[in-house]
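The chain contents come next:
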Amino acid sequence: MSTGVIDAGLIDELTGIVGAVHVLRAPEMTAGYSIDWTRRFAGATPLVIRPGDTAETAAVMSALAAARVPVVPQGGNTGLVGGSVPLAGEAVLSMRRLNICEPVDELASQVTLGAGVTLADAQAHAAASGLSVGVDLAARDSATIGGMVATNAGGINVLRYGAMRAQVVGIEAVLADGTVVSHLAGLEKDNTGYDLGSLLAGSEGTLGIITRVRLRLHPTQPERATALLAFETAADAVSAAAALRRGVASLHALEAVFEGAMALVSRHLGVAPPVGRLGGDSHRNPPIEDGGGAWLIAEAAARTDPSDELGAAVEELADLVVDAAVALDPAARQRLWAFRDNVTEAISAAGIPHKLDVTLPAARLAEFVDGVPDVVRATDPDAQPLLFGHLGDGNVHVNVLGPGGAEPADEVDDAVLRYVAELGGSISAEHGIGTAKLSQLHLNRSEAELAAFSAIKRALDPVGLLNPNVLLP
Ligand SMILES: Cc1cc2nc3c(=O)[nH]c(=O)nc-3n(C[C@H](O)[C@H](O)[C@H](O)COP(=O)(O)OP(=O)(O)OC[C@H]3O[C@@H](n4cnc5c(N)ncnc54)[C@H](O)[C@@H]3O)c2cc1C
């Protein structure tokens, strides 16, 4: 695609729409919008535009389309696949100023939120009405509702409520030419044609700019019990996870941390895990290796105390569990969660990882966890795989660091993702394709599917202005 020219006339037009203070051009002002959270993906942009509402977003897109300027939509910039930053000199459309939470509709248990509302603000807004947002993830203070829909974010409660697409009951978006499409009534039954909310969920900014979202909310589950369980092997953890899913109706989250990642996070926190083979003072200088051990965090949540239900299920796992710690009060539960919540940050502090976020069929999960370190090392002998993830959904985050925290060889990504496809898994569980996995999309999608994707893209964005480096090869 030939890119357009950003001239004085266009800048004047954009300034007239959003105000001079929201058109950023100086490199020191645009730098933060040009590098992603992992620091692996960095580019540059001549222009960041920060619209304040749907009408401004539409007028901005209309002006950019007339000038044929490609654009990267950006929310909280916490995406992990390089999809939120300008890698080829695109303009950036920052959606964070669309941060209005409309009143909760308590009759319908729904709320309409601006695309730039952070997940943490959405959670607090819903909680004031005794309701909760169905998706939760560790980047909650920065990740925006628009970005979460655009990536179909998953997180820790998918096993109970589904991913972001399952929360969307209405959407408003601006198309590439500035047209506004809005369908926000939130009717639970509404079979009046194509579901644009479902289409935009997971579209990674390639089909439209999401400006407002109507979300389904859920009753809060204030009573909680959390268990940290240690296992000798990944296979034992996978068997236990299946039993917990079957046996605990109030199961709210089921997360895993495998040995190398547990050693790293316990060193980062300066605290050894209370159960399992890394006890004692191992956090002071543990070998960061994948020794085969595994930990599960299982959380039950309900309107009434779920601890008996969780405790009974854990007792039934006596043959598999090496050791268990159960916590009920918020501070003690938080201490257990710290070993999961801080893994991403601990890895980021150790270097620039390649992040491979994958799902495996349940029957191949343990085989994958045991086999993937060899696959990584066959490609880059010095690389270090660190595994954790949302085990209740079959979702493993394979993070790979090179020596001294440097990036591993690029070939590692291909080798791991091919292994995933061979085992019948998905090369992207929840982070999306972005630019990071563009060249591997064919491992999961047939030529016919990719042709259908391209046809949809051409229909909604014929010039290819929206996130041109993302998702579609
Ligand atoms: C510590 C940490 C933990 C995380 N945990 C999880 C997790 O458990 N589960 C999970 O799924 N993800 C997780 N992530 C990844 C990330 O938080 C999610 O992908 C999130 O949905 C991104 O939201 P964002 O607002 O930051 O979007 P951005 O990073 O700004 O953008 C992500 C993509 O969406 C597009 N986009 C953004 N806003 C819009 C919009 N308004 N309209 C159209 N397109 C848009 C961008 O172009 C880009 O392609 C984690 C990230 C971090 C840093």
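Residues numbered from 1 in each chain as written. Predicted model: local features only at pLDDT ≥ 70, side-chain atom pairs only at ≥ 80, totals over all residues. Heavy atoms only, no water.

## A short note on the site of the ligand
The criterion, for reference: Here, proximity means that at least one heavy atom of the residue falls within 4 Å of the molecule or strand. Polar contacts, as counted here, are pairs of nitrogen or oxygen atoms within 3.5 Å of one another; within protein the pair requires one atom able to donate a hydrogen and one able to accept it, and residues that are adjacent in sequence qualify only if both atoms are side-chain atoms. Accessibility throughout is a Shrake-Rupley quantity obtained with a 1.4 Å probe, and a residue counts as covered only by protein chains that appear here. The way it works is that DSSP assigns letters per residue, a run of H or I at least four long becomes a helix, a run of E at least two long becomes a strand, and they are numbered from the N terminus.
In the region of the ligand, 36 residues are neighbours, and Pro73, Gly75, Thr78, Gly79 and Thr144 sit closest. One of the backbone nitrogen or oxygen atoms of Gly79 is found 2.7 Å away from an oxygen atom of the ligand. About the coverage of the ligand: the protein hides 96% of its 970 Å² of free accessible area. Breaking the shell around the ligand down by element, the ones donating at least two residues are β3 (71-74), α5 (145-150) and β9 (209-219).

## A word on the sheet that holds strand β12 (residues 294-302)
Which entries qualify depends on this criterion: Two strands form a pair only when DSSP identifies at least two bridges running between them. Inter-axis angles, ranging from 0 to 180 degrees, are taken between N-to-C directions of lines fitted to C-alpha atoms, where helices are fitted over the stretch in contact. Contacts are residue-level and defined by heavy atoms, with any inter-residue pair within 4.5 Å sufficient.
Strand order across the open sheet formed by seven strands is β13-β10-β12-β11-β15-β16-β14, with antiparallel pairing between neighbours. In this open sheet, the two strands that pair with only one neighbour each are β13 (323-327) and β14 (354-359). Strand-to-strand, the axes of this sheet are offset by a mean angle of 15°, without reference to chain direction. Together, β11 (251-258), β12 and β15 (384-390) form the strand contacts of helix α9 (residues 259-269), whose direction differs from that of β11 by roughly 90°. Against the sheet, helix α12 (residues 343-350) engages β11, β14, β15 and β16 (395-401), with an angle of about 160° to β15.

## Topic: the domain arrangement of the chain
The test is simple: Segmentation of the chain into domains, including their bounds, is taken from an automatic or database domain assignment. Buried area counts how much accessible surface, traced with a 1.4 Å probe, disappears from two parts once they are put together, with both parts' losses summed.
For the chain, the assigned domains read domain 1 (8-94), domain 2 (110-219) and domain 3 (223-422). Placing the centre of domain 2 and that of domain 3 at their C-alpha centroids yields a distance of 28 Å. Contacts between the two partners involve nine residues from domain 2 and, on the opposite side, 14 residues from domain 3. Summing both partners gives a buried area of about 930 Å² for domain 2 against domain 3, and 51% of it is carried by carbon and sulfur. It is Ile156, Leu159 and Arg160 that lose the most area in domain 2 upon contact with domain 3, and together they represent 63% of the buried surface on that side.

## Some remarks on the packing of helix α13 (residues 365-379) against helix α14 (residues 411-422)
Basically, it comes down to this: Geometric relationships in this document are graded by angle, where less than 35 degrees denotes roughly parallel, more than 145 denotes roughly antiparallel, 65 to 115 denotes roughly perpendicular, and other angles denote oblique. When the near helix sits turned anticlockwise from the far one by under a right angle, the crossing is termed left-handed; a clockwise turn instead gives a right-handed crossing. When residue character is reported, Ala, Val, Leu, Ile, Met, Phe, Trp, Tyr, Cys and Pro are called nonpolar, Asp, Glu, Lys and Arg charged, and the others, Gly included, polar.
Packing of α13 against α14 brings their axes to within 9 Å, and their N-to-C directions diverge by 150°. By the angle between their axes, α13 is roughly antiparallel relative to α14. Handedness of the α13/α14 crossing: right-handed. Where α13 abuts α14, its residues Glu367, Phe368, Gly371, Val372, Val375, Val376 and Thr379 lie against Glu411, Val412, Ala415, Val416, Tyr419 and Val420. Split by residue class, the contact of α13 with α14 holds nine nonpolar, two polar and two charged.

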